[in-house]
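An overview of the molecular structure
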Amino acid sequence: MPDQIRITIACPLAHLDDAAQFSRATGYSAADEATFTISPEYRDAAGNRYRVASGLVAAVYPANAAAPLTAPEWGADMAAAARAQALIRIGGPAAPGQITAVIGEDVSAALAELGLTRIDPV
Amino acid sequence: MRHDRHLGHQKGHLGWRGLGQRGVFSPLPFHPSDLFAAGQPGHWPGGYDPTQARLWQTATGVVARVAAAGQQVAIVPDRSQGGALGPELSAAEYTISTANQPVHTAAVEGLYRFDMEIVSGDGRARQQGTMPSIAHTLSFAPALLEADVIARPGSLLRINTNAATGLVCRPTLRLIAGNHASQEVAVARPTLSQSGGKWCLETDGGDSLSITLPAGTYGRAWVSAAGVVTVDTVTNPTNALIPTAVGATQADVILRQGAFTSTEEAQIRAYWGGLYA
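Here the structure is a predicted model, which means the values were calculated and not measured.

Summing up its helical and strand segments, chain A has 4 helices and 6 strands in all. Ordered by position from N to C terminus, the α and β elements of chain A give β-α-β-β-α-α-β-β-α-β. Across chain A, the fraction of contacts at a sequence separation of at least 24, relative to all contacts at a separation of at least 6, is 66%. For chain A, the exposed surface amounts to about 5800 Å²; the carbon and sulfur share of it is 55%.

With that settled, consider the interface of chain B and chain A. Opposite the 22 residues of chain B that make contact, chain A presents 22 residues. The junction of chain B with chain A conceals about 1700 Å² of combined surface from both sides, 61% of it contributed by carbon and sulfur atoms. By the criterion of area lost to chain A, the three top residues of chain B are V185, V187 and D204 of chain B, representing 29% of everything that side buries. Inspection of the region where chain B meets chain A yields 1 salt bridge. Between R6 of chain A and D204 of chain B there is a salt bridge, and its shortest N-O distance comes to 2.8 Å. On inspection of chain B and its partner chain A, the count reaches 6 residue pairs in polar contact (both at pLDDT 80 or more). For the side of chain B that touches chain A, a count of residues per class yields 8 nonpolar, 11 polar and 3 charged.

In this section: the packing of aromatic side chains. Residues and elements named next belong to chain B. Scanning the model with the defined rule gives 1 aromatic pair over all chains in all. Summarising the aromatic geometry, the rings of F30 and Y271 are spaced 6.1 Å apart at their centres and angled 80° between planes, so their arrangement reads as edge-to-face. Residue F30 is located in the loop between α1 (2–9) and β1 (42–43), and its partner Y271 is located in helix α2 (residues 262–276); the two are separated by 241 residues in the primary sequence. Judged by relative accessible area, which is 17%, F30 ranks as buried. On the basis of relative accessibility, which here comes to 21%, the residue Y271 falls in the partly exposed class. The ring of W56 is capped by R65, whose NZ or CZ atom sits 5.8 Å from the centre of that ring.

Residue and element names in this part refer to chain B. Going through the model one piece at a time under the given rule, you end up with 14 salt bridges over all chains. Ionic pairing is found between D148 and R54, a salt bridge with its closest N-O pair at 2.8 Å. Of this pair, D148 sits in strand β10 (residues 144–151) while R54 sits in the loop between β1 and β2 (56–57); the two residues are 94 residues apart in sequence, bridging distant segments of the chain. With respect to class, D148 is no different from R54; both count as buried. E264 is paired through a salt bridge with R256; the nearest N and O atoms lie 2.9 Å apart. For the pair E264 and R256, a shared accessibility class is recorded, and that class is buried.

The next thing to look at is the packing of helix α1 (residues 16–26) of chain A against helix α3 (residues 78–86) of chain A. What describes two packed helices is the angle between their axes and the distance between those same axes. Residues and elements named next belong to chain A. Between α1 and α3, the shortest axis-to-axis distance is 7 Å and the interhelical angle comes to 105°. In terms of orientation, α1 lies roughly perpendicular with respect to α3. Contacts from D18, A19, Q21, F22 and A25 of α1 reach α3 at M78, A80, A81, R83, A84 and Q85. Partitioning the contact of α1 with α3 into residue classes produces 7 nonpolar, 2 polar and 2 charged.

Considering the arrangement of structural elements, one finds D32 of chain A in the loop between α1 and β2 (41–43). In terms of polar contacts, D32 of chain A uses its side chain to reach the backbone amide nitrogen of Y28 of chain A, at 2.6 Å. The contact partners of D32 of chain A, leaving out residues within four places of it in the chain, are S23, R24 and G27 of chain A together with E184, V185 and A186 of chain B.

A negative phi angle is the norm for most residues apart from glycine, just as the trans form is the norm for most peptide bonds. For the bond from G92 of chain A to P93 of chain A, the omega torsion is 5°, close enough to zero to count as cis. When you line up the elements, P93 of chain A lands in the loop between β4 (88–90) and β5 (99–103). Although it is not a glycine, N236 of chain B adopts a positive phi angle of roughly 50°.

Moving on: α3 of chain A. Residues spaced three or four apart along an α-helix point in a common direction, a consequence of the helix completing one turn every 3.6 residues. Residue and element names in this part refer to chain A. Restricting attention to buried positions, one finds in α3 the residues A80, A81, A84 and Q85. Buried residues along α3 cover an arc of 140° about the axis, so they all sit on one side. Where α3 is buried, its residues meet α1, α2 (61–66), β4 and β5. Capping the start of α3 is the job of one residue whose side-chain oxygen sits 3.2 Å from the backbone nitrogen of A79: D77.

Let us now look at the sheet that holds strand β18 (residues 249–250) of chain B. The pairing of strands in a sheet comes from backbone hydrogen bonds and takes either a parallel or an antiparallel form. Residue and element names in this part refer to chain B. Strand order in the open sheet formed by 3 strands is β14-β15-β18, with antiparallel pairing between adjacent strands. Each end of this open sheet is capped by a strand with a single partner; those strands are β14 (191–195) and β18. Here 2 bridges tie strand β15 (residues 198–202) to β18, and the two strands are oriented antiparallel to one another. By the bridge assignment, L201 is partnered in β18 with Q250.

Parameters and conventions
Residues numbered from 1 in each chain as written. Chains lettered and ligands numbered in written order. Predicted model: local features only at pLDDT ≥ 70, side-chain atom pairs only at ≥ 80, totals over all residues. Heavy atoms only, no water. Helix = DSSP H or I, 4+ residues; strand = E, 2+ residues; numbered from the N terminus. Contact = heavy atoms within 4.5 Å. Areas by Shrake-Rupley, 256 points an atom, 1.4 Å probe, with all protein chains shown as cover. Buried area = accessible area lost by both parts, 1.4 Å probe. Salt bridge = Lys/Arg side-chain N within 4 Å of Asp/Glu carboxyl O. Polar contact = N/O pair within 3.5 Å; in protein donor to acceptor, adjacent residues only side chain to side chain. Nonpolar A, V, L, I, M, F, W, Y, C, P; charged D, E, K, R; others polar. Phe/Tyr/Trp six-rings, centres within 6.5 Å; stacked < 30°, edge-to-face > 60°. Buried < 20%, exposed > 50% of the residue type's maximum accessible area, 1.4 Å probe, protein only. Lys NZ or Arg CZ within 6 Å of the ring centre and 35° of its normal. Axes fitted to C-alpha atoms, helices over the stretch in contact; angles between N-to-C directions. Parallel < 35°, antiparallel > 145°, perpendicular 65-115°, else oblique. Arc of directions from axis to C-beta. Pairing = 2+ DSSP bridges.

Pasting the structure below:
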């Protein structure tokens, strides 16, 4: 089992505030609150908009993120974090009412599974 | 000074070519450090070979040297200023027990080199940086451990120990000159990669490396692992990872206050052409 895995997460714009607290609660430092703030914006075929974050996390992260949350030493709004946690679904496509995560090394494949395209293509 | 930089970054290069056919010294070949010779601010990592560049990650809160492809990169030191070390910021020696031992509260943001020797006593000790920083905690060292950590004003750099009785440690802590790049947000860190035998950073499309530079117009040049060089200008740059497409690579980057002259651009292209083409 690798030490780290890649996870790609699509968060609807309406849930960014709660997702920020979830990132803060399950991340490696308080700075992880900005996980979606600094991420690029994508949209699905229907025009719904999302922020998408992708990166390497500890292999145990998915299990920890699904378990009952505990407050980190740097503090977090745990009620907001729990609201975001309840919205998480593993596997695409992305949908406006959920936070969708895809696990896998290939970011392009994850974006295809999520059904998202970048709003400001590069 | 010019010769020192060359000696520091280019093994076997003595700073001159020796006597030419006419019995005079030939001019020095171009080196990126020449772009900063007048003290211009900027950022130049000198590539991402982990055996040459001191790259750092903070996976799961523990600082570790980036050593292999596939690892995330949280800190990229700037070599444009030669990486000179500032004055010692630690007392010479501490005798500590179970309490955390403060060493220094950072007054300025920067990259600090923190290393420590355990002189005597029972127990283990490690360096630790508190918020606001991405320093976090180093693994316990059996004897000697060194790391470069980012700290911001107010960040406490300290020794964390499990010693029950007196443990004598001798830390050293010094600020490293330069404009270093870092990323505190874990999933926004690029990944160290190797493409065609060339070390590079690879982005997943949402990565960046934050950098703080004096305001102004900067010449910006970067090269992919495939040797594609792009040169332009940017105002008030805040990011040292330029490509944004999924899977794109960056093998080196130069940010230098003031647009590059046509001669400088040609020199940069030729230099990287010899390394990455």
